[in-house]
Number of protein chains: 2
Amino acid sequence: MTLPPDPGALTPGQARALFRGGLRTPTAGWCAGWAQANLIAVPKDQAYDVLLFAQRNPKPCPVLDVTEPGEPTARIFRGDLRTDLPGYVVYENGVPVAETADAAEHWRPDLVAFLIGCSFTFEGALREAGVPVRHVDQGVNVPMYRTDRTCRRAGGLGGPLVVSMRPVPADRVADAVRITARYPAVHGAPVHVGDPGALGIADLDRPDFGDPVEVRVDEIPVFWACGVTPQAAVMHSRPEFAIGHAPGHMAITDARDSAYLVP
Amino acid sequence: MTLPPDPGALTPGQARALFRGGLRTPTAGWCAGWAQANLIAVPKDQAYDVLLFAQRNPKPCPVLDVTEPGEPTARIFRGDLRTDLPGYVVYENGVPVAETADAAEHWRPDLVAFLIGCSFTFEGALREAGVPVRHVDQGVNVPMYRTDRTCRRAGGLGGPLVVSMRPVPADRVADAVRITARYPAVHGAPVHVGDPGALGIADLDRPDFGDPVEVRVDEIPVFWACGVTPQAAVMHSRPEFAIGHAPGHMAITDARDSAYLVP
């Protein structure tokens with residue numbers, strides 16, 4: 001399938017129909033004004049650990065919605081969580097065993113799905129203010145990195161903090177901080193500005209997830225907590241089963257970006 | 001035991017020692033600058049429902065901390081949760097079966113304790129700004145009311161929203177809203193300003209919990225979501241066992257009020 005000419009102009013329902021039809025693509029810049037979300041789905045008996053992990057690590061894991069066991073739909077997502085994302089990763093014992101555009105055959109009747117805030121949600125506000133969002137401009141996936149910062153453990157679940165990175169001109173870093181701080185439910189202000197080495201990131205050009213982007217000479221790498229963190233915890237802690245979104249291939253919700261803007 | 005002459009000047013450790021010694025008193029105005037919290041403790045197999053109830057009802061149930069099963073201490077509470085609050089209510093099948101200053105004999109090894117934000121935390125900021133806090137001035141417990149608003153259900157847990165009420169001079173209502181909105185983790189902005197009847201409250205002078213306070217002719221009743229809401233859900237939904245704080249008799253934490261102030 002080919003990309004639509006203007007993905008930013010699509011409604012969430014239109015985008016989800018494309019993904020349900022098999023289109024695989026990162027979703028940054030899609031459906032302007034509509035919030036995007038990370039997915040982590042686990043069997044009901046693992047759901048407390050995931051919810052507590054999120055409570056203890058609110059910066060990477062702001063919970064926007066939680067489904068009833070087996071329900072493939074959520075308050076803020078009136079599509080089918082099993083098919084309407086553009087990409088999924090299926091984990092068994094922490095190992096990715098399938099990457100797919102359709103998770104229906106892997107879904108289990110006892111799965112509880114968590115929708116976790118995504119920083120794509122504040123990218124519209126950044127661009128509106130003239131702060132560049134390089135991965136959107138370059139038409140690639142956002143670069144994401146495992147850090148050497150450890151999340152607070154919850155039951156059997158622990159692992160590293162994952163971050164996304166956007167290069168920001170030095171004279172716009174303050175604006176980027178100020179603007180994103182107003183969206184705490186979708187990761188809020190950056191966790192780190194500058195030296196990647198201080199987060200244990202050896203090489204910006206080799207992200208753990210997504211694609212590398214150009215960092216210009218007048219730009220500083222700025223790092224935000226990332227909703228791939230629960231999947232890194234799954235890979236680290238090896239629970240029996242989980243399904244996540246493919247990093248950067250988000251659930252496009254029926255909630256407005258502005259619903260997560262604090263006054 | 002008699003009240004100390006200046007409870008506002010005590011440290012959390014000093015206050016907890018008094019409560020451990022048997023002092024029973026509402027805690028509004030105690031330990032200036034230190035955050036206070038509601039308690040709800042349930043067996044581990046009920047903990048997911050409580051945590052999900054909190055996620056779905058963040059205004060009355062902002063979770064500040066969650067203990068490991070059986071642990072009587074928390075990150076933000078370096079005392080003993082079984083003894084260091086000035087009052088507890090023990091529930092069996094949703095019925096209060098004991099009110100006590102010492103919950104140790106009722107505590108179970110599988111209990112998970114949730115510390116939920118309390119609006120006493122922002123009262124210092126209100127008073128600092130010259131907004132009166134009537135129950136503190138009158139030396140009584142804050143009035144709390146069951147409303148006719150229903151919380152979002154989570155598993156077996158549902159019930160009404162409980163609110164606390166403070167009378168605010170009409171020309172200070174805007175300030176009260178603005179100041180408390182900056183503390184979203186301790187209930188934040190009011191849920192309702194004015195007519196108690198619109199919340200299903202028949203008579204302000206007959207609160208469901210705590211004490212009535214004077215509402216002067218130039219004042220408007222202002223209602224904030226209240227962390228007694230999980231106990232109202234316990235009474236409504238009748239899970240097998242739970243322990244809560246006695247309303248208004250809070251856990252005084254080792255976290256600063258300012259830790260919950262957003263920029």
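Computed from a prediction, not measured in an experiment: that's the story for all the values here.

Here we come to helix 5 (residues 173-181) of chain B. Residues and elements named next belong to chain B. Looking at helix 5, one finds that the buried residues are V173, A176, I179 and T180. Angular distribution of buried residues about the axis of helix 5 spans 130°; they occupy a single face of the element. Packed against the buried residues of helix 5 are helix 3 (123-128), strand 7 (160-169), strand 8 (192-193) and strand 9 (219-225).

The subject of this paragraph is the packing of helix 2 (residues 44-56) of chain A against helix 2 (residues 44-56) of chain B. One way to put it is that helix 2 of chain A packs onto helix 2 of chain B with a least axis distance of 10 Å and a crossing angle of 50°. As judged from the angle between their axes, helix 2 of chain A and helix 2 of chain B are oblique. Classified by chirality, the crossing of helix 2 of chain B by helix 2 of chain A is left-handed. On helix 2 of chain B, the residues that touch A:K44, A:A47, A:Y48, A:L51, A:L52 and A:Q55 of helix 2 of chain A are B:K44, B:A47, B:Y48, B:L51, B:L52 and B:Q55. Grouping the constituent residues of the contact of helix 2 of chain A with helix 2 of chain B by class yields eight nonpolar, two polar and two charged.

The next point concerns the interface of chain B and chain A. Opposite the 17 residues of chain B that make contact, chain A presents 17 residues. For the pair chain B and chain A, the summed buried area comes to about 1500 Å², and 50% of that belongs to carbon and sulfur atoms. Joining chain B to chain A, the criterion identifies two salt bridges. Across the pair A:E68 and B:R56 runs a salt bridge whose closest N-O atoms are separated by 2.7 Å. Put simply, chain B and chain A have six residue pairs in polar contact (both at pLDDT 80 or more) between them. Within the residue set of the side of chain B that touches chain A, elements represented by two or more residues are helix 2, strand 2 (63-66) and strand 5 (111-117) of chain B.

One pair of aromatic rings is described through two measures. These are the centre distance and the angle between the planes. On inspection of all chains with the given rule, the structure shows seven aromatic pairs over all chains. Judged by centre distance (5.0 Å) and plane angle (45°), the rings of A:F19 and A:W30 are tilted. Note that A:F19 is positioned in helix 1 (residues 12-20) and A:W30 in the loop between helix 1 and strand 1 (34-43), a separation of eleven residues in sequence. A single burial state applies to A:F19 and to A:W30, both of which are buried. Each ring, one from A:Y145 and one from A:F223, has its centre 6.4 Å from the other, and the planes form 70°; the classification is edge-to-face. Here the residue A:Y145 occupies a position in strand 6 (residues 144-150), and A:F223 occupies one in strand 9 (residues 219-225), the gap between them amounting to 78 residues. For the pair formed by A:Y145 and A:F223, the shared burial category is buried. Through a chain of ring-to-ring contacts, the aromatic side chains of B:F122, B:Y183 and B:W224 assemble into a single cluster. Above the ring of A:W34, the side-chain terminus of A:R256 is found at 4.5 Å from the ring centroid.

Attention now goes to the environment of B:F122. Among the structural elements, B:F122 can be located in the loop between strand 5 and helix 3. Setting aside anything within four residues of it in sequence, one finds B:F122 in contact with B:R166, B:T180, B:Y183, B:V186, B:G188 and B:W224.

Residue and element names in this part refer to chain B. Pairing in this open sheet of four strands is antiparallel, and the strands run 6-7-9-8 from one edge to the other. Edge strands, defined here as strands with exactly one partner in the open sheet, are strand 6 (144-150) and strand 8. Where strand 6 meets strand 7, four bridges bridge the pair, whose relative direction is antiparallel. The partner of M144 across the bridge, within strand 7, is S164. Of the strands in this sheet, strand 7, strand 8 and strand 9 are in contact with helix 5, which crosses strand 9 at around 15°. On top of the sheet, helix 6 (residues 229-237) reaches strand 6 and strand 7; it is set at about 145° to strand 7, its chief contact.

Conventions used here
Residues numbered from 1 in each chain as written. Chains lettered and ligands numbered in written order. Predicted model: local features only at pLDDT ≥ 70, side-chain atom pairs only at ≥ 80, totals over all residues. Heavy atoms only, no water. Buried < 20%, exposed > 50% of the residue type's maximum accessible area, 1.4 Å probe, protein only. Helix = DSSP H or I, 4+ residues; strand = E, 2+ residues; numbered from the N terminus. Arc of directions from axis to C-beta. Contact = heavy atoms within 4.5 Å. Axes fitted to C-alpha atoms, helices over the stretch in contact; angles between N-to-C directions. Parallel < 35°, antiparallel > 145°, perpendicular 65-115°, else oblique. Left-handed = near helix turned anticlockwise from the far one by under 90°. Nonpolar A, V, L, I, M, F, W, Y, C, P; charged D, E, K, R; others polar. Buried area = accessible area lost by both parts, 1.4 Å probe. Salt bridge = Lys/Arg side-chain N within 4 Å of Asp/Glu carboxyl O. Polar contact = N/O pair within 3.5 Å; in protein donor to acceptor, adjacent residues only side chain to side chain. Phe/Tyr/Trp six-rings, centres within 6.5 Å; stacked < 30°, edge-to-face > 60°. Lys NZ or Arg CZ within 6 Å of the ring centre and 35° of its normal. Pairing = 2+ DSSP bridges.

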